[in-house]
Amino acid sequence: MKTKNYEIAIFDMDGTILNTLDDLAGSANYVLLEYGMPVRTINEIRNFVGNGIRKLIERAAIDGTSDAKIDEMLETFNEYYKVHCADRTKPYDGINELLLKLRASGVKTAVVSNKADYGVQALCEEYFPGLFDYAVGEKAGVRRKPCADSVYHVL
């Protein structure tokens, strides 16, 4: 593996190193049911992810849901997802081996995700113990990707 030109490899989490879709969908649908809204299909949820949990909830909720209700739903999601973020989540084939090779070649590894930071930390510990030098998720006051703030922080 040729890595001598690279000092660090930064990965996204959802859909890149981990297949998290089933747990995201399960948690979103739990919230929707709690608030009397129709559940969404896995394909709908797939189209809703990528810009943080709040956006997922906004897109999954019925049209016209107030910001205050979205805030409540987001809190419910976070409480549920903290417990259920690794029920069906799993690394993609070959990811652990890739990380081991990168680290053996002296390349630092990191995760930058729009997932809530608590989820990033828990999932890295669960599936990749000791394989990332740094991991960061969504935090208050830090702009999410595509802004590069979190990447700069890692660097």
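Placed above this text is the structure.
Notes on the structure follow. (Residues numbered from 1 in each chain as written. Predicted model: local features only at pLDDT ≥ 70, side-chain atom pairs only at ≥ 80, totals over all residues. Heavy atoms only, no water.)

1. Topic: empty space enclosed by the protein
Part 1: Counting across every chain of the model gives 1 cavity of 30 Å³ or more.
Part 2: Approximately 40 Å³ is the volume found for the largest cavity.
Part 3: If you go around the largest cavity, the residues you meet are Ser113, Asn114, Gly137, Glu138, Lys139, Val142, Arg143, Arg144, Lys145 and Ser150.
Part 4: Partitioning the lining of the largest cavity into residue classes produces 1 nonpolar, 4 polar and 5 charged. (1 Å grid on protein atoms, 1.4 Å probe; cavity = no way out; pocket = protein on both sides within 12 Å on 5 of 7 lines; lining within 4 Å. Points joined across faces, edges and corners; volume = space filled by probe spheres on them. Nonpolar A, V, L, I, M, F, W, Y, C, P; charged D, E, K, R; others polar.)

2. Focus: a nonpolar patch on the surface
Part 1: Together, Ile10, Tyr152 and Leu155 make up a nonpolar patch on the protein surface, roughly 350 Å² of accessible area in all.
Part 2: Note on placement: Ile10 falls in strand 1 (residues 8-11).
Part 3: Residue classification places Ile10 among the partly exposed positions, given a relative accessible area of 31%. (Patch = residues over 30% accessible without salt bridge, like charges linked within 9 Å, V, L, I, M, F, W, Y side chains within 5 Å. Areas by Shrake-Rupley, 256 points an atom, 1.4 Å probe, with all protein chains shown as cover. Salt bridge = Lys/Arg side-chain N within 4 Å of Asp/Glu carboxyl O. Helix = DSSP H or I, 4+ residues; strand = E, 2+ residues; numbered from the N terminus. Buried < 20%, exposed > 50% of the residue type's maximum accessible area, 1.4 Å probe, protein only.)

3. A short note on the pairing of strand 5 (residues 134-138)
Successive side chains on a regular strand alternate, one facing one side of the sheet and the next facing the other.
Part 1: Note that strand 4 (residues 108-116) and strand 5 share 4 bridges and pair parallel. Across the sheet, residue Val111 finds its bridge partner in strand 5, namely Ala135.
Part 2: Read from strand 4 through helix 6 (residues 117-127) to strand 5, the crossover connection turns out right-handed. (Pairing = 2+ DSSP bridges. Right-handed = clockwise from strand over helix to strand, strands pointing away.)

4. Notes on the sheet that holds strand 4
Part 1: Judged by pairing direction, the sheet is parallel, and its 3 strands sit side by side in the order 1-4-5 without closing on themselves. The open sheet has two edge strands with one neighbour each: strand 1 and strand 5. Averaged over all neighbouring strand pairs, the angle between strand axes comes to 15°, with direction disregarded.
Part 2: Relative to the sheet, helix 5 (residues 95-104) contacts strand 1 and strand 4, its axis offset from that of strand 1 by approximately 155°. (Axes fitted to C-alpha atoms, helices over the stretch in contact; angles between N-to-C directions. Contact = heavy atoms within 4.5 Å.)

5. With respect to the pattern of salt bridges
Opposite charge on two side chains lets them pair, provided their charged atoms get close.
Part 1: All told, the structure shown has 12 salt bridges when counted by the stated rule.
Part 2: Its salt-bridge partner being Lys145, residue Asp12 comes within 2.7 Å of it at the nearest N-O pair. Of the two residues, Asp12 is situated in the loop between strand 1 and strand 2 (18-19) and Lys145 in the loop between strand 5 and helix 7 (149-154); the sequence distance between them amounts to 133 residues.
Part 3: Between Glu72 and Lys69 there is a salt bridge, with its nearest N and O atoms 3.8 Å apart. Separated by 3 residues within a single helix, Glu72 and Lys69 lie in helix 4 (residues 67-84), roughly one turn from each other.
Part 4: In the salt-bridge network here, residues are joined through shared partners; they are Arg54, Lys55, Glu58, Asp67 and Asp71.

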